[in-house]
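Chain residues, written in single-letter form:
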Amino acid sequence: MAVKLHRCSGTIIKGPHPCWVAQHALDEAGIEYEVVKHSMVRPLRKDVQALTGQKKMPLVEFEDGTFLRDSSVIAERARAGTLHGPGETAPFSS
Ligand SMILES: N[C@@H](CCC(=O)N[C@@H](CS)C(=O)NCC(=O)O)C(=O)O
């Protein structure tokens, strides 16, 4: 099942950067995904805001329209082989 990784466009930045952490974990786990890049500038993330009700990334979007958020959650589930478990419905409550 294909998923989308919504991340900021700062792909040069690695290390502890949350978007890199999530993408690296998906790569390490051999999970196929499509990258959807958004602005690094928070006020310009109107597309992310419209999609989820907030502007933070990374986000994994499943085909059913639900999401996983927070790089540590995405990385943990990718490593555990449980990425495709239940996701959250947007807009997020917190
Ligand atoms: N705890 C979150 C932090 C995510 C985070 O800070 N992402 C940056 C990526 S550029 C961001 O969206 N910053 C803008 C903001 O905090 O509104 C995670 O690990 O996923």
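For the structure, check the block above.
All right, on to the overall build of the protein chain then. For the protein chain, the count of helices and strands is three helices and four strands. If you line up the protein chain on its principal axes, its C-alpha atoms span 35 × 30 × 20 Å. Buried residues in the protein chain amount to 29% of all 94 residues. Put simply, of all contacts in the protein chain between residues at least 6 apart along the chain, 58% involve residues at least 24 apart.

Take the site of the ligand next. Around the ligand, the neighbouring residues are Cys 8, Pro 18, Cys 19, Met 40, Arg 42, Lys 55, Lys 56, Met 57, Pro 58, Asp 70, Ser 71 and Ser 72. Those elements giving two or more residues to the shell around the ligand turn out to be helix 1 (18-28) and helix 3 (71-80). Of the residues in the shell around the ligand, the class split is six nonpolar, two polar and four charged.

Inspection of the sheet shows strand 1 (residues 3-8) paired to strand 2 (residues 33-38) by six bridges, in the parallel sense. Of the residues in strand 2, the one forming a bridge with Arg 7 is Lys 37. Following the chain from strand 1 across helix 1 to the adjacent parallel strand 2, one finds a crossover that is right-handed. Taken together, the three bridges between strand 1 and strand 3 (residues 59-61) define a ladder with antiparallel strand orientation. Residue Lys 4 lies in a different strand from strand 3, and its bridge partner there is Glu 61.

Two pairing modes exist for strands in a sheet, parallel and antiparallel, and in both the strands are linked by backbone hydrogen bonds. The four strands lie next to each other as 2-1-3-4, forming an open sheet whose pairing is mixed. Every interior strand has two partners, whereas the edge strands, strand 2 and strand 4 (67-69), have only one. Adjacent strand axes in the sheet meet at a mean angle of 20° when their direction is disregarded. Its contacts with the sheet place helix 1 against strand 1 and strand 2, and it is angled at close to 150° to strand 1.

Here Gly 65 is to be found in the loop between strand 3 and strand 4. As a C-alpha pair, Gly 65 and Val 3 span 62 residues in sequence and 9.8 Å in three-dimensional space.

Orientation of helix 1 relative to helix 3, taken along the N-to-C sense of each, is 10°, at an axis distance of 8 Å. Classified by the interaxial angle, the pair formed by helix 1 and helix 3 is roughly parallel. Contact with helix 1, carried on its side by Pro 18, Val 21, Ala 22, Ala 25 and Leu 26, involves Ser 71, Ile 74, Ala 75, Ala 78 and Arg 79 of helix 3 and no other residues of that element. In the contact of helix 1 with helix 3, the residues fall into eight nonpolar, one polar and one charged.

Cut-offs applied
- Residues numbered from 1 in each chain as written.
- Predicted model: local features only at pLDDT ≥ 70, side-chain atom pairs only at ≥ 80, totals over all residues.
- Helix = DSSP H or I, 4+ residues; strand = E, 2+ residues; numbered from the N terminus.
- Buried ≥ 20, exposed ≤ 12 C-beta atoms within 10 Å, placed from the backbone.
- Contact = placed C-beta atoms within 7 Å.
- Near = placed C-beta within 6 Å.
- Nonpolar A, V, L, I, M, F, W, Y, C, P; charged D, E, K, R; others polar.
- Pairing = 2+ DSSP bridges.
- Right-handed = clockwise from strand over helix to strand, strands pointing away.
- Axes fitted to C-alpha atoms, helices over the stretch in contact; angles between N-to-C directions.
- Parallel < 35°, antiparallel > 145°, perpendicular 65-115°, else oblique.

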